[in-house]
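Architecture and fold: a report
Listed here are the chains, written in short residue letters.
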Amino acid sequence: MYVGTLSFDLLLGDVRSLKEKRSVVRPIVAELQRKFAVSVAEVGNQNLHRRAEIGVAMVCGDAGHLTGVLDRCERLVAARPEVELLSVRRRMHTDED
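Notes on the structure in this doc start here. All chains use their own residue numbering, which begins from 1 and follows the written sequence. The model is predicted, so local features are restricted to residues of pLDDT at least 70 and side-chain atom pairs to those at 80 or more, both for listing and for counting; the totals for chains, interfaces and linings are taken over all residues. Excluding hydrogens and water, the side-chain figures rest on all heavy atoms present in the structure.

Remarks on the sheet that holds strand 1 (residues 2-12)
- Across the sheet, 4 strands lie side by side as 2-3-1-4; this open sheet has antiparallel pairing. Each edge of the open sheet carries a strand with a single partner, namely strand 2 (39-44) and strand 4 (83-94). On average, each strand axis in the sheet is inclined to that of its neighbour by 20°, with strand direction left out of account.
- Contacts are assigned to residue pairs that have any heavy atoms within 4.5 Å of one another. Each axis is a line fitted through C-alpha atoms, and for a helix only the stretch in contact is used; angles between axes span 0 to 180 degrees, taken between their N-to-C directions. Helix and strand definitions follow DSSP, with helices as H or I runs of at least four residues and strands as E runs of at least two, each counted in order from the N terminus. Running at roughly 10° to strand 3 (residues 51-60), helix 1 (residues 18-36) makes contact with strand 1, strand 2, strand 3 and strand 4 of the sheet.
- Set on the sheet, helix 2 (residues 63-78) makes contact with strand 1, strand 3 and strand 4; between it and strand 1 the angle comes to about 10°. Pairing between strands is defined by DSSP: at least two bridges between the two strands are required.

A short note on the side chain of Lys21
- Secondary-structure assignment places Lys21 in helix 1.
- Working definition: with a 1.4 Å probe on protein chains only, accessible area under 20% of the residue-type maximum means buried, over 50% means exposed, and in between means partly exposed. Its relative accessible area of 2% is what places Lys21 among the buried residues.
- Pairing of N or O atoms within 3.5 Å defines a polar contact, subject to two protein rules: one partner must be a possible hydrogen donor and the other a possible acceptor, and residues neighboring in sequence count only if both atoms are side-chain atoms. From its side chain, Lys21 meets the backbone oxygen of Asn45 in a polar contact 2.5 Å long.
- Apart from the residues within four sequence positions on either side, Lys21 is in contact with Leu12, Val15, Glu42, Asn45, Gln46, Leu48, His49, Arg51 and Ala52.

Remarks on the pairing of strand 1
- The pairing of strand 1 with strand 3 spans 10 bridges and is antiparallel. Directly across from Leu10, in strand 3, lies its bridge partner Ala52.
- With 11 bridges connecting them, strand 1 and strand 4 associate as antiparallel partners. Looking at the pairing, Leu11 lines up with Glu84 of strand 4.

Quick word on the environment of Asp71
- Mapped onto the elements, Asp71 comes out in helix 2.
- Between the C-alpha atom of Asp71 and that of Leu6, which follows or precedes it by 65 residues, the distance is 9.6 Å.

Thoughts on the state of the cysteines
- Here, the term disulfide refers to a pair of cysteine sulfur atoms separated by no more than 2.5 Å. As enumerated under the stated definition, the model contains 0 disulfides in all.
- No disulfide involves Cys60; its sulfur sits 12 Å from that of Cys73, the nearest cysteine.
- Looking at Cys60, the relative accessible area reads 14%, which means it is buried.
- A residue is classified by how much of its surface remains accessible, and Cys73, at 0% relative accessible area, is buried.

Topic: the nonpolar core
- Take the buried Ala, Val, Leu, Ile, Met, Phe, Trp, Tyr and Cys residues and link them wherever side-chain atoms come within 4.5 Å; each set so joined is a nonpolar core. In terms of nonpolar packing, the biggest core is built from 25 residues, with Leu10, Leu12, Leu32, Val38, Ile54, Val56 and Cys73 touching the most fellow members.
- At the level of elements, strand 1, helix 1, strand 3 and helix 2 are the ones that each hand at least two residues to this core.
- Apart from residues no more than four positions distant in its own chain, Ile54 is found in contact with Leu6, Ser7, Phe8, Leu10, Val25, Ile28, Val29, Val40, Ala41, Glu42 and Val43.

In structure tokens, the structure reads:
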């Protein structure tokens, strides 16, 4: 069993309120869940309106498939024009860790 996680640190564009922030973050979270069947949530910087941290997690039996899905998740977020991807942290765990 393999568990992979991604943590995205995002700088949001022209966002002036937490309501506007939600209108940017929610579609990203929904698209990741829909396209890749991963667990996704906003996990940090919830009180800052121009920053967001989104966490992604997936459990898989094949390390190659897991890596591929996480790569596609990262490309999707990086391609979003309304956010600037400041950093990505990736972790892979096995049941033997």
